[in-house]
Amino acid sequence: MIYFDNAATTLTKPPGVAKAVAGAIGTFGSVARGACKPSLAAGMAVLEAREKVARLFGVPSAKNVSFVSGATEAINIVVEGLLEPGDHAITTAASHNSLLRPLYRKAEHGCGLSILPVAADATIDYAELESLFRPNTRLMFATHASNLTGDLYDIARIARICHEREVLCALDCAQTAGRVPLDMEGTAADIFVFTGHKGLFGPQGTGGLCLGEGVEVPPFMVGGSGTRSYDRHHPSQMPERLEAGTMNSHGIAGLSAGLDYVESTGVATINARVDALVGRFEAGVRTVRGATIYGRRDGSRGCGIVALNIGDMDSSAVSDRLNTEHDICTRAGAHCAPLMHRAMGTVEQGAVRFSFSPFNTEEEIDQGVAALRAIARG
C-alpha cells in the first residue's frame, strides 16, 4: 500500500511514538491528581511536551501552551471564548469547516462575520482584507495553509494588518505545524492552534493552542482540574485554565515523541524533503493527459499537498480506482473546505488530494504518477 493521505492524518510515525504511548499506558496515572509516582510521571511527561511545543513554535512560555483534543476543540475554545454578540470577526475562504462552522454559529447569535474571498488560483488580496475591518472587529482567524491545495498565506502580513487595528490575530496551523517553520514572536500572531496527528506525527486526539504574552482566552469548559478544588470557579491561570478534565497523557506522550523527531530532524529539513516530493509529483502529473492541478505555482506551498482532477472524471471515481487498482490511498471530495471548492470551481467534481510525508519515497511518487497516467488513458 502507498499512503498519500497525510493531510488527514499521518500513518507512518517515527518509531518512538508507538513506544511512548505503550509505555505511558502501563505507567501513567492522572496529571495533577496525586503525588504518587504514576501521577508525577504523567505530569512530567506533559510538562516536557509543553516545553517542546513552546520551543518549536517560539511561544514565550511553556505555560502558554494548553493541550486539548485537537485543532477543532482549540478553535472552538478561541471562537467561543473571545467573541460576544455585537463583535465582528474575519476569516478567509481558505478555512476548513473546523473554523467556518464555529464562526457561522457565532454569526447566528449576534456576531458579525466577514469572509475574505480566495481567487481561482488560491491567492488572497491583502488590500481587500484591510477593507473588511470594522470598529467592532475583535478577531481575525486565518488559516495558515489551505488543506485542499496546500497554498501558504502570509501570516506575518496578516498579523501586522490586525495589530495596526488593535485586533487579535489567531492562526489555524493544522496543516503547517511540523511542516513549515512557525515562530509566534516572528509572526507577531497572538494565538496558534495546532493538531498533533498530522505534521507532528502524534496520535489522534492530541493538539492544543498557544497564546502570546498577555493574551487571555476564557475557559470553554470548566470542571475538574486537580487544583483549587474548593473554589467554585475553574482555575484562572494558564495552562490549567483551558484544560478541564483528565488530561490525555497517554496521547501526549506519543505527541512528545513525535515532537522529538521533528526537533531532531529539523522543520527546515522536513520541509525541503516534502517540497522535493511535491516537485517531483507535480512534474510527473503535468505529463498526464487531462490532469489539472489546483492552486498557485509560485512556490508558496510547503505542506506537501497537491489537489488535482483528471478531465471531467468524478474525483471519487479517480480516488477509488487509485485504491482498488493501484493500492494508493488518497482523499477525494470536498475535504471539509466548501468555500475553497467554490473558488476552484470544483463543487460538483470535487478534487483528488495527494498529501505527502517525509517518509514517502521517490519510487512511491513515480508509482502515483504512473497510476494517474493509466487512469487517464482508461
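Residues numbered from 1 in each chain as written. Predicted model: local features only at pLDDT ≥ 70, side-chain atom pairs only at ≥ 80, totals over all residues. Heavy atoms only, no water.

K.L.:
Looking at this structure, I do not really get the overall build of the protein chain. What am I missing?
P.N.:
Counting its secondary structure elements, the protein chain contains 12 helices and 13 strands. Taking 2.2 N^0.38 as the reference for a compact globule, 378 residues should give roughly 21 Å; the C-alpha atoms of the protein chain span a radius of gyration of 21 Å, in line with that estimate. Principal-axis analysis of the C-alpha atoms places the extent of the protein chain at approximately 70 × 55 × 30 Å. A burial count over the protein chain gives 56% of its 378 residues as buried. (Helix = DSSP H or I, 4+ residues; strand = E, 2+ residues; numbered from the N terminus. Rg over C-alpha atoms; globule rule 2.2 N^0.38 Å. Buried < 20%, exposed > 50% of the residue type's maximum accessible area, 1.4 Å probe, protein only.)

K.L.:
Explanation requested: the sheet that holds strand E12 (residues 331-333) in the structure shown.
P.N.:
Ordered in space as E9-E10-E13-E12, the 4 strands form an open sheet in which the pairing is antiparallel. Edge positions in the sheet fall to strand E9 (291-293) and E12, since each has one partner strand and no second. This sheet shows a mean twist of 30 degrees between the axes of neighbouring strands, independent of strand direction. Note: strand E10 (residues 305-310) against strand E13 (residues 351-355), 4 bridges, orientation antiparallel. Directly across from isoleucine 305, in E13, lies its bridge partner serine 355. Against the sheet, helix H10 (residues 315-326) touches E10, E12 and E13, its axis set at about 45 degrees to E13. (Pairing = 2+ DSSP bridges. Axes fitted to C-alpha atoms, helices over the stretch in contact; angles between N-to-C directions. Contact = heavy atoms within 4.5 Å.)

K.L.:
Hey, could you run me through unusual backbone geometry in this one?
P.N.:
A negative phi angle is the norm for most residues apart from glycine, just as the trans form is the norm for most peptide bonds. Of note in this structure, glutamate 166 is not a glycine but carries a positive phi near 55 degrees. Structurally, glutamate 166 is set in the loop between helix H6 (155-164) and strand E6 (168-172). Its identity as a non-glycine residue notwithstanding, cysteine 336 has a phi of 55 degrees, on the positive side.

K.L.:
Even after reading the chapter, I still don't get the nonpolar core, so can you show me in this structure?
P.N.:
Across soluble globular proteins, you tend to see nonpolar side chains buried next to one another. With 88 residues, the main nonpolar core has Phe57, Phe67, Phe281, Leu308 and Leu372 as its most contacted residues. Contacts of phenylalanine 281, omitting those with residues within four sequence positions, involve Val306, Leu308, Phe354, Phe356, Ile365, Gly368, Val369 and Leu372. Ile75, Val78, Val215 and Val217 belong to the second largest nonpolar core, which has 24 residues in total. (Core = buried A, V, L, I, M, F, W, Y, C linked by side-chain atoms within 4.5 Å.)

K.L.:
I would appreciate a short explanation of the packing of aromatic side chains in the present structure.
P.N.:
Enumeration according to the criterion identifies 9 aromatic pairs in this entry. Both rings, one in phenylalanine 57 and one in phenylalanine 192, keep their centres 6.2 Å apart while their planes meet at 75 degrees; by these two values the pair is edge-to-face. In this pair, phenylalanine 57 is assigned in helix H2 (residues 37-57) and phenylalanine 192 in strand E7 (residues 191-195), connecting sequence segments 135 residues apart. Just as phenylalanine 57 is buried, phenylalanine 192 falls in that class too. Seen in terms of ring centroids, phenylalanine 57 and phenylalanine 194 are 5.5 Å apart; in terms of plane orientation they differ by 65 degrees. Their pairing is edge-to-face. Of this pair, phenylalanine 57 sits in helix H2 while phenylalanine 194 sits in strand E7; the two residues are 137 residues apart in sequence, bridging distant segments of the chain. In terms of burial, phenylalanine 57 and phenylalanine 194 fall into one category: buried. One aromatic cluster is present, built from ring pairs that chain together Phe4, Phe281, Phe354 and Phe356. The residue whose ring lies beneath arginine 165 is phenylalanine 133, and the NZ or CZ to ring-centre distance is 5.2 Å. (Phe/Tyr/Trp six-rings, centres within 6.5 Å; stacked < 30°, edge-to-face > 60°. Lys NZ or Arg CZ within 6 Å of the ring centre and 35° of its normal.)

K.L.:
Please clarify how the pattern of salt bridges should be interpreted in this entry.
P.N.:
Any two side chains of opposite charge can pair, on the condition that their charged atoms come close. Tallying each qualifying case throughout the model produces 12 salt bridges. The salt bridge partner of glutamate 164 is arginine 165, with a shortest N-O separation of 3.4 Å. According to the relative accessible area criterion, glutamate 164 is exposed, its value standing at 55%. Here the residues in one salt-bridge network are Glu80, Arg105 and Lys106, joined through shared partners. (Salt bridge = Lys/Arg side-chain N within 4 Å of Asp/Glu carboxyl O.)

K.L.:
What should I look at first to understand helix H9 (residues 267-285) in this one?
P.N.:
An α-helix turns once every 3.6 residues. As a result, residues three or four positions apart point the same way. Taking 1.5 Å per residue, 19 residues should reach 27 Å; H9 reaches 27 Å between its end C-alpha atoms and fits that length. Taken together, the buried positions of H9 are occupied by Val267, Ile270, Asn271, Val274, Leu277, Val278, Phe281, Glu282, Gly284 and Val285. Viewed end-on, H9 has its buried residues packed into an arc of 160 degrees, placing them on one side of the element. Where H9 is buried, its residues meet H2, helix H8 (249-265), E9, E10, E13 and helix H12 (362-377). (Expected span 1.5 Å × (residues − 1). Arc of directions from axis to C-beta.)

K.L.:
How do you make sense of H10 when you look at a structure like this?
P.N.:
Between its first and last C-alpha, H10 extends 16 Å over 12 residues, near the 16 Å set by a 1.5 Å rise per residue. Looking at H10, one finds that the buried residues are Ser315, Val318, Ser319 and Leu322. Down the axis of H10, the buried set is contained in an arc of 95 degrees. They therefore lie on one face. Contacts made by the buried residues of H10 are with E10, strand E11 (328-329), E12, E13 and H12. Where H10 begins, the side chain of aspartate 314 points an oxygen toward the backbone nitrogen of serine 316, at a separation of 2.9 Å. (Polar contact = N/O pair within 3.5 Å; in protein donor to acceptor, adjacent residues only side chain to side chain.)

K.L.:
Any chance you could explain the packing of H9 against H12 here in plain terms?
P.N.:
Packed helices, taken two at a time, are described by their axes: the angle between them and the distance between them. It is at 9 Å that the axes of H9 and H12 come closest, and there the two elements cross at 25 degrees. Here H12 runs roughly parallel to H9, going by the angle between their axes. The handedness of the crossing between H9 and H12 comes out as right-handed. From H9, Arg273, Leu277, Arg280, Phe281, Gly284 and Val285 reach across to H12, where they touch Glu362, Ile365, Asp366, Gly368, Val369, Leu372 and Arg373. (Parallel < 35°, antiparallel > 145°, perpendicular 65-115°, else oblique. Left-handed = near helix turned anticlockwise from the far one by under 90°.)

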